[in-house]
Amino acid sequence: MLRSLTLLARRSYTTANNAPSYFVSRTSNNGIPVYTDFKNGGTQHLTIIRRIEGDAEALKNEIVALFPDAPSNFARVNPVNNHIILKGIHMNEIKEWLIQKGF
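These figures come from a predicted structure and were not determined experimentally.

Colleague: Please clarify how the pattern of salt bridges should be interpreted in this entry.
Modeller: Should the charged atoms of two oppositely charged side chains come close, the side chains can pair. Applying the stated criterion across every chain, the model contains three salt bridges. A salt bridge links K39 to D37; the nearest nitrogen and oxygen atoms lie 3.5 Å apart. Overall, K39 belongs to the partly exposed group, its relative accessible area being 40%. E57 is the partner of K60 in a salt bridge, and the nearest nitrogen-oxygen pair spans 3.1 Å. Taken as a pair, K60 and E57 lie in helix α2 (residues 56–66) at a separation of three residues, close to a single helical turn. You can call K60 buried: its relative accessible area is 15%. Owing to a relative accessible area of 37%, E57 belongs among the partly exposed residues under this scheme.

Written out as structure tokens, the structure is:
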């Protein structure tokens, strides 16, 4: 049932004219795949968005627009696994934004 709903949601995004060229699929527990990570002995705080299908660069550009005061190297896309890595802890803001967009 859940898988058919996600396929239906994907179809509705692809048929709309202003549809995004990406899709963020939910986890097996129906959660939003946004995580925090601490590197460099706990001094580097990162937010990671996983399970992105499609154009991750377009999603990154929309996220960067949410944080106008952020520096230019605030976000990057890992091209190997299609993850978006943000500097800082922004997990709650990103999750709320993705839910508002319908993911």
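That shown, we press on.
Colleague: Before we go on, may I ask you to explain the sheet that holds strand β5 (residues 75–78) in this structure?
Modeller: Strand-to-strand pairing in sheets goes through backbone hydrogen bonds, with the strands running parallel or antiparallel. An order of β2-β3-β6-β5 is seen for the four strands of this open sheet, with the pairing classed as antiparallel. Edge positions in the sheet fall to β2 (34–39) and β5, since each of these pairs with one other strand and no more. Between one strand axis and the next, the sheet turns by 30° as a mean value, whatever way the strands run. With six bridges joining them, β2 and strand β3 (residues 44–49) adopt antiparallel strand pairing. Following the sheet pairing, Y35 is matched in β3 by I48. Running at roughly 165° to β5, α2 makes contact with β3, β5 and β6 (83–87) of the sheet.

Colleague: What am I meant to see in unusual backbone geometry here?
Modeller: The phi torsion at N30 lies on the positive side, around 65°, for a residue other than glycine. The class of N30 is partly exposed, set by a relative accessible area of 42%.

Colleague: Would you explain α2 in this entry?
Modeller: For an α-helix, the turn length of 3.6 residues means that residues three or four places apart are oriented alike. If you check which residues of α2 are buried, you get A56, A58, L59, K60 and I63. The elements touched by buried residues of α2 are β1 (22–24), β3, β4 (52–54), β5, β6 and α3 (91–101). Between the side-chain oxygen of the N-cap and the backbone nitrogen of E57 there are 3.3 Å, and the N-cap of α2 in question is D55.

Colleague: Teacher, can you tell me more about the pairing of β6 here?
Modeller: Within a regular beta strand, the side chains point alternately toward one face of the sheet and then the other, so they alternate between its two faces. Among the five residues of β6, four are classified as buried, and the element is accordingly described as predominantly covered. Alignment of β3 against β6, held across four bridges, turns out to be antiparallel. If you follow I49 over to β6, its bridge partner there is I84. When β5 meets β6, the two strands line up antiparallel, connected through four bridges. Residue pairing in the sheet places A75 in a bridge with L86 of β6.

What counts and how
- Residues numbered from 1 in each chain as written.
- Predicted model: local features only at pLDDT ≥ 70, side-chain atom pairs only at ≥ 80, totals over all residues.
- Heavy atoms only, no water.
- Salt bridge = Lys/Arg side-chain N within 4 Å of Asp/Glu carboxyl O.
- Buried < 20%, exposed > 50% of the residue type's maximum accessible area, 1.4 Å probe, protein only.
- Helix = DSSP H or I, 4+ residues; strand = E, 2+ residues; numbered from the N terminus.
- Pairing = 2+ DSSP bridges.
- Axes fitted to C-alpha atoms, helices over the stretch in contact; angles between N-to-C directions.
- Contact = heavy atoms within 4.5 Å.
- Polar contact = N/O pair within 3.5 Å; in protein donor to acceptor, adjacent residues only side chain to side chain.

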